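Per-entry structural report
One-letter residues, chain by chain:
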Amino acid sequence: MEDILAAGITRRGFLRYAATAATAVGALSLTGCGSQRASEATTDSTASTGSAALFNYALNESPQALDPALVNDFGSLELCANIYEGLFRFKGETCDVEPCLAESYDVSDDGLTYTFKLREGVTFHDGTAFDADAVVTNFERQMNGNAATNMSYADFVFGSDATGVGVKSVEATDTHTVTCTMRSPCAPFLRNLAMALGTPMVSPTALAKASGDMSSAPCGTGPYQLDSWDKDSTVTLKAFDGYWDKDNAPQTETIVFRIIPESASRVTALSNNEVDIITAVETNSAPTVQNDGDTVVAIDGLNVNYLCLNMTSTKLADIAVRTAVCQAIDIEEMVKALYGDYADAANSLMPPFMASYVTNVSYPSYDPDAARDAFSKAGVTDLVIMTYTTAMQYNPAGGQALAESIQGYLSKCGVTLAINSYDWTTFRTKRKEEYFDLALFGWSGDNGDPDNFMNLFASSGSVAAMAHFSDASYDALVEQGIQTPDGSDRDDIYLQLEQKLAASLPCLPLSHTKTVCAYTPSIQNFTMNPSGWSKLAGVTKQA
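Now for a quick tour of the structure. Predicted, not measured: the structure shown is a model, and the values here were computed from it.

1. Looking at the pattern of salt bridges
- Summed over all chains, the structure comprises 15 salt bridges.
- Lys541 serves as the salt-bridge partner of Asp276, at 2.7 Å between the closest nitrogen and oxygen. Of the two residues, Asp276 sits in the loop between helix H7 (263–271) and strand S13 (277–278) while Lys541 sits in strand S22 (residues 540–541), which places them 265 residues apart along the sequence. When sorted by exposure, Asp276 lands in the same class as Lys541, which is buried.
- Across the pair Glu434 and Lys430 runs a salt bridge whose closest N-O atoms are separated by 3.8 Å.

Right, here's the structure in full:
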């Protein structure tokens, strides 16, 4: 397997690395059985090209909703990425930004005014026209106090007067021209506008009909539109005949997404030809999948898997105890045991190919004797960890296995660790309601920009709230990083932010995991973005 990290790709280089980043494991056969629905024993109709009219895609979690402004989960992401589009998009398998619904743009010399020329002749799935007013509607629903509490990307993208960053105002200057005035320069703004969540365009007409919530009635401009949704079972998308981008028009008429939370069940479904594509493949399952003649693909993921330390826990309030927790865990050994060659031990929140300075970040190293002494001195003999059971792209082993591994290390240092584990949907609720000292969590980046990682621990970030971490100087540096152009000065700001986290320990980075997916020999042209989602318009299945 080619190791992209070993190639020494820098953060800016990462934004440009292309399709060669994906490494295919195993031989790709060009023969395969005809496409079948998982719940039917009938053969799908076949297009004149010899391609099947349908393929099945396994999701590891049920989508929360299908409104891109209201979700941040993988299940919703995979669907929204194919239903909706933004002003910009990422090129191929990179985080390079290219025009999408905006044909071109201009930025003023002071970085405070963006003018977007919109693509003409684009329609939403409901037949209404995409125009400048649609952009204004989509922006303003998340700006200036309009955002709903569950719009997790609103502050991140559009900012606020309180923080002094983000979009101050947006105006339709003519039918196909939009002008955005910024509160301050924003280095990641275009990358933010290319994300698959937060900034894609929804139909204003459909939005009004849905009373401002598109969760169950999605309507975008993308290559696919919703056909049916059987909650926690299947979601079916059908090709949008009016799609504007004829060069990238859907090649398969129907995609059935099957919700299969258990990793072993996804592997079995692939082996039985009940599904054609699976993601979040557990590392110990990869050889089995390969031996069955299916293709396994692993790319360096834009992610981090980490341990969250609750700074308001009476047992962890002392930095010495948080340090002891970190010292108790042999991260190198644990990561190797759980993930094999499919992950690397983390030394920072950001993956190494995004941050060339990771060797200058120092978290407490493995020292069980020091940890044992610190726990004894503080009188800490037991802790509680909260985790999820679902295999995630940043943790394909699943949260239970990872928690049990940490439990074993802490036990050797005289601390009993109680594990409270929940399915992913329940975990997302419990983490806000139930007591814990430690929690397992992770992040898959949206756009290849360091702000997308380091903003998580700003005071408004959900992860900061989870760890109860608050640092005004950290927040100020985050704002400075947003306003600083790409280059060495900006890199230095993110180094300082990483060092602040390492000094305060609201978290302990554990690993950066390769995104592992698999598909049957009949599938052609399947690729995955480093952010963990796939554009499926070009995918075909041989009949």
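2. Remarks on the environment of Ser51
- In this fold, Ser51 is placed in the loop between strand S1 (23–25) and strand S2 (54–59).
- A C-alpha to C-alpha distance of 24 Å links Ser51 and Cys80, two positions 29 residues apart in sequence.

3. A look at the packing of helix H9 (residues 319–328) against helix H11 (residues 368–378)
- The N-to-C vectors of H9 and H11 enclose an angle of 145°; their axes lie 8 Å apart at closest approach. The interaxial crossing formed by H9 with H11 has left-handed handedness. Contact residues: H9 offers Ala320, Val321, Ala324, Val325, Gln327 and Ala328, while H11 offers Pro368, Ala370, Ala371, Ala374, Phe375 and Ala378.
- Considering only residue class, the contact of H9 with H11 consists of eleven nonpolar, one polar and no charged.

4. Some points on the state of the cysteines
- As enumerated under the stated definition, the model contains zero disulfides in all.
- Counting only cysteine sulfurs, Cys507 is the nearest neighbor of Cys308, a cysteine outside any disulfide, at a range of 7.3 Å.
- Looking at Cys517, it has no disulfide partner, and the nearest cysteine sulfur is the one in Cys95, 16 Å off.
- Assessed through its relative accessible area of 2%, Cys517 is described here as buried.

Conventions adopted
Residues numbered from 1 in each chain as written. Predicted model: local features only at pLDDT ≥ 70, side-chain atom pairs only at ≥ 80, totals over all residues. Heavy atoms only, no water. Salt bridge = Lys/Arg side-chain N within 4 Å of Asp/Glu carboxyl O. Helix = DSSP H or I, 4+ residues; strand = E, 2+ residues; numbered from the N terminus. Buried < 20%, exposed > 50% of the residue type's maximum accessible area, 1.4 Å probe, protein only. Axes fitted to C-alpha atoms, helices over the stretch in contact; angles between N-to-C directions. Left-handed = near helix turned anticlockwise from the far one by under 90°. Contact = heavy atoms within 4.5 Å. Nonpolar A, V, L, I, M, F, W, Y, C, P; charged D, E, K, R; others polar. Disulfide = S-S within 2.5 Å.

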